[in-house]
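Now for the letters of each chain:
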Amino acid sequence: AQSVTQLDSQVPVFEEAPVELRCNYSSSVSVYLFWYVQYPNQGLQLLLKYLSGSTLVKGINGFEAEFNKSQTSFHLRKPSVHISDTAEYFCAVSDRSSASKIIFGSGTRLSIRP
Amino acid sequence: KAGVTQTPRYLIKTRGQQVTLSCSPISGHRSVSWYQQTPGQGLQFLFEYFSETQRNKGNFPGRFSGRQFSNSRSEMNVSTLELGDSALYLCASSFRSGTGQNEQFFGPGTRLTVL
C-alpha cells in the first residue's frame, strides 16, 4: 500500500520569495507521483507529474519538483511566488499497476503575503 | 472542450436519507473516478468506473455505490446518510483507465451537507 506525507500543513511566504513544499511517500512498488493544486471552491488541477525518466519535472505556473528515490521524496518548488499562487497543494501517488487510484497527502496550504 | 461537470453543486440532506450525485466527464473520456474530501480525512478514493464496469474500489462501506452509463456519465449514491458523510465529492475523468500517462481532470465537486 502507498502513503503520502506532506510535512507542512501551512506555509506562509512573502510575495516574490522562493518556496518549497515537502512531500515524502511510502510504497513497496514503483509509483507515479503528482502534485495537484486546489483553489478555493474549485476542484483539483494537475501541476505536474513524474512517470519516469528525468528526476526534475517542470509543471505549469513555474512550478517544478524533483523525484528523489533514495529519500522517497518529491518536493515542489517555485523560485518566486505570486499572490495568485495562494491555494492548497496536494502531493499524490499511484501504483503503476492501478494508476487510476490516486492516494493523496493531507495538503499544504500556501499563503502568500504581500 | 467542456470540462467535467458535476450536479448539483450543493446539497443539504438529513441523516437517514439517500443522495445521488451526478458526473458528466469530458467528451471522449471513458473513465470516471470519485473522491471524497473532508477536513479530517482529506482526499480519499471511492471508486473508478470504466466502460460501465467498476475497475477499482476504495475502502468505503457498502452504503457508497456508483454506476456508469453507456455515455460515460456516472452517478454516485450514498444511502442511509450519516453526519460524517458531509464532504466535498469530487469526480475526475480520463480517457483511459490505469496508466499514469492518462491525466485525470477534476470537476468542481458537489458539496454535501448532512444535518
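Residues numbered from 1 in each chain as written. Chains lettered and ligands numbered in written order. Predicted model: local features only at pLDDT ≥ 70, side-chain atom pairs only at ≥ 80, totals over all residues. Heavy atoms only, no water.

So, the overall build of chain B
1) Next: The secondary structure content of chain B amounts to zero helices and 11 strands.
2) Next: Of the regular secondary structure in chain B, the N- to C-terminal order runs β-β-β-β-β-β-β-β-β-β-β.
3) Next: Taking 115 residues into account, the globule formula puts the C-alpha radius of gyration at 13 Å, and chain B, at 13 Å, falls close to it.
4) Next: For chain B, the C-alpha atoms occupy an extent of roughly 40 × 25 × 25 Å along the three principal directions.
5) Next: Buried positions account for 50% of the 115 residues belonging to chain B. (Helix = DSSP H or I, 4+ residues; strand = E, 2+ residues; numbered from the N terminus. Rg over C-alpha atoms; globule rule 2.2 N^0.38 Å. Buried < 20%, exposed > 50% of the residue type's maximum accessible area, 1.4 Å probe, protein only.)

Concerning the packing of aromatic side chains
1) Next: Within this structure, the stated rule accounts for 13 aromatic pairs over all chains.
2) Next: Taking 5.5 Å as the distance between ring centres and 45° as the angle between the ring planes, the aromatic pair formed by Tyr35(B) and Phe106(B) counts as tilted. Of this pair, Tyr35(B) sits in strand β4 (residues 31–38) while Phe106(B) is found in strand β10 (residues 105–106), placing the two residues 71 residues apart along the sequence. Note on accessibility: Tyr35(B) and Phe106(B) belong to one class, buried.
3) Next: An aromatic cluster of at least three residues, connected via ring pairs, comprises Phe34(A), Tyr36(A), Phe90(A), Phe104(A), Tyr35(B), Phe45(B) and Phe106(B). (Phe/Tyr/Trp six-rings, centres within 6.5 Å; stacked < 30°, edge-to-face > 60°.)

Section: the nonpolar core
1) Next: Ranked by internal contacts, the top residues of the largest apolar core, which has 28 residues, are Trp35(A), Leu48(A), Phe74(A), Leu76(A) and Tyr89(A).
2) Next: Of all the secondary structure elements, the ones that give two or more residues to this core are β2 (10–14), β3 (19–21), β5 (31–38), β6 (44–50), β8 (64–68), β9 (73–78), β10 (87–95) and β12 (108–113) of chain A.
3) Next: Discounting residues that sit within four places of it in the chain, Tyr89(A) has contacts with Gln6(A), Leu21(A), Trp35(A), Tyr36(A), Val37(A), Leu47(A), Phe63(A), Leu76(A), Gly107(A), Thr108(A) and Leu110(A).
4) Next: One finds Val19(B), Val32(B), Trp34(B) and Met76(B) within the second-largest nonpolar core, a separate group that totals 21 residues. (Core = buried A, V, L, I, M, F, W, Y, C linked by side-chain atoms within 4.5 Å. Contact = heavy atoms within 4.5 Å.)

Quick word on the interface of chain B and chain A
1) Next: The interface is formed by 23 residues belonging to chain B together with 18 residues belonging to chain A.
2) Next: Both faces combined, the contact of chain B with chain A buries some 1,600 Å², and carbon together with sulfur accounts for 52% of it.
3) Next: The interface formed by chain B and chain A holds zero salt bridges in total.
4) Next: Our count for the contact surface shared by chain B and chain A stands at two residue pairs in polar contact (both at pLDDT 80 or more).
5) Next: Sorting the residues of the side of chain B that touches chain A by element identifies β4, β5 (42–50), β6 (53–57) and β9 (87–94) of chain B as the ones contributing at least two each.
6) Next: Tallying contributions element by element places β4(B) first for the side of chain B that touches chain A, with four residues. (Buried area = accessible area lost by both parts, 1.4 Å probe. Salt bridge = Lys/Arg side-chain N within 4 Å of Asp/Glu carboxyl O. Polar contact = N/O pair within 3.5 Å; in protein donor to acceptor, adjacent residues only side chain to side chain.)

Some thoughts on the state of the cysteines
All names here are of chain A.
1) Next: Counted under the stated rule, the structure contains two disulfides over all chains.
2) Next: Bridging Cys-23 to Cys-91, the disulfide has an S-S length of 1.9 Å. Taking the torsion about the S-S bond as the criterion, the Cys-23 to Cys-91 disulfide, at about -65°, is left-handed. One end of the pair, Cys-23, is in the loop between β3 and β4 (24–26); the other, Cys-91, is in strand β10, and 68 residues separate them in sequence.
3) Next: Judged by its relative accessible area of 0%, Cys-23 is buried.
4) Next: Judged by relative accessible area, Cys-91 falls into the buried class, the value being 0%. (Disulfide = S-S within 2.5 Å.)

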